[in-house]
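Listed below, chain by chain, are the residues.
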Amino acid sequence: MTVPNRPNNAKINAQIDENLRRVFEEDAATDMPPQLLELLEKLESVEVPPGLGPRSDDGEGSL
Amino acid sequence: MKRDDAKAELVSHMRSLRAFALSLTRNSAQADDLVQDTVLKAWTNFDKFQEGTNMRAWLFTILRNTFYSQRRKVAREVEDGDGAMVEKLSVKPAHDGRLQMNDFRMALDTLPAEQREVLILVGALQYSYEEAAEVCGVKVGTVKSRLNRGREAISMAMGLAEGEELEMTDASTRAVVNASRT
């Protein structure tokens with residue numbers, strides 16, 4: 001069952017959204033762990049299934 | 001889209017991806033594994049990404065689909081990521097009368113992942129209902145319903161009721177106030 005968006009609810013929802021933004025921003029601001037940094041460094045060496053790699057006709061990446 | 005360009009944009013979304021993963025898993029190690037799986041899937045499936053569309057939304061879709069797929073596989077295991085299940089029993093009191101982020105985080109953690117993801121997408125990231133529905137693979141009405149239920153649950157957990165001002169008090173104060181009313 002949904003809750004009607006009354007004026008007071010709208011104020012509360014705005015406060016909740018503001019805190020959701022803070023939660024997300026705090027989490028996004030944390031340092032990237034070595035595991036993920038290493039993954040990004042090695043990404044080019046990850047084998048891409050046939051047909052998904054660079055095109056042979058024009059040399060452009062075919063994604 | 002060239003691989004170099006794809007990688008550059010992918011890297012630019014890594015922090016958002018990790019924050020979204022944390023909102024779903026509530027566990028940093030699981031979030032890191034989830035982001036890693038997501039990046040690998042995206043990298044090997046970039047041919048399915050439509051250039052000019054929202055890559056972050058595409059990555060979020062991969063991430064949340066991976067999360068729910070993995071969760072189904074371990075459905076019989078008891079999950080207690082970072083003690084989150086224990087915290088479902090109650091919200092611990094804060095030590096001052098203002099809105100506490102720790103209280104808020106704990107309230108958020110008590111919600112089902114399906115509600116948390118909608119709250120993050122719509123509430124935190126300002127996705128439209130339609131965009132959130134596309135990311136989550138559900139109908140717009142479902143997004144609205146989950147959003148309303150999530151907000152209502154947080155309001156309840158934080159002691160906010162209709163007509164109350166936004167000064168959110170801590171649990172201890174609420175207990176004293178409520179006791180005095182009875």
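Since this is a predicted model, take the numbers as computed values, not measurements.

A. Main features of the pattern of salt bridges. Tallied over the entire structure, the rule returns nine salt bridges over all chains. Two residues, R105(B) and D27(A), come together in a salt bridge whose shortest N-O distance is 3.0 Å. Residue R105(B) is located in helix α6 (residues 101–109), and its partner D27(A) is located in helix α1 (residues 7–29); the two belong to separate chains. Residue R105(B) is classed as partly exposed on the basis of its relative accessible area of 23%. The exposure class assigned to D27(A) is buried, which follows from its relative accessible area of 12%. A salt bridge links K42(A) to E38(A), with the shortest nitrogen-to-oxygen separation between them at 2.9 Å. Here K42(A) falls in the partly exposed class, since its relative accessible area comes to 47%. Residue classification places E38(A) among the partly exposed positions, given a relative accessible area of 40%. Through salt bridges with shared partners, one network takes in E26(A), D27(A) and R105(B).

Criteria and cut-off values
Residues numbered from 1 in each chain as written. Chains lettered and ligands numbered in written order. Predicted model: local features only at pLDDT ≥ 70, side-chain atom pairs only at ≥ 80, totals over all residues. Heavy atoms only, no water. Salt bridge = Lys/Arg side-chain N within 4 Å of Asp/Glu carboxyl O. Helix = DSSP H or I, 4+ residues; strand = E, 2+ residues; numbered from the N terminus. Buried < 20%, exposed > 50% of the residue type's maximum accessible area, 1.4 Å probe, protein only.

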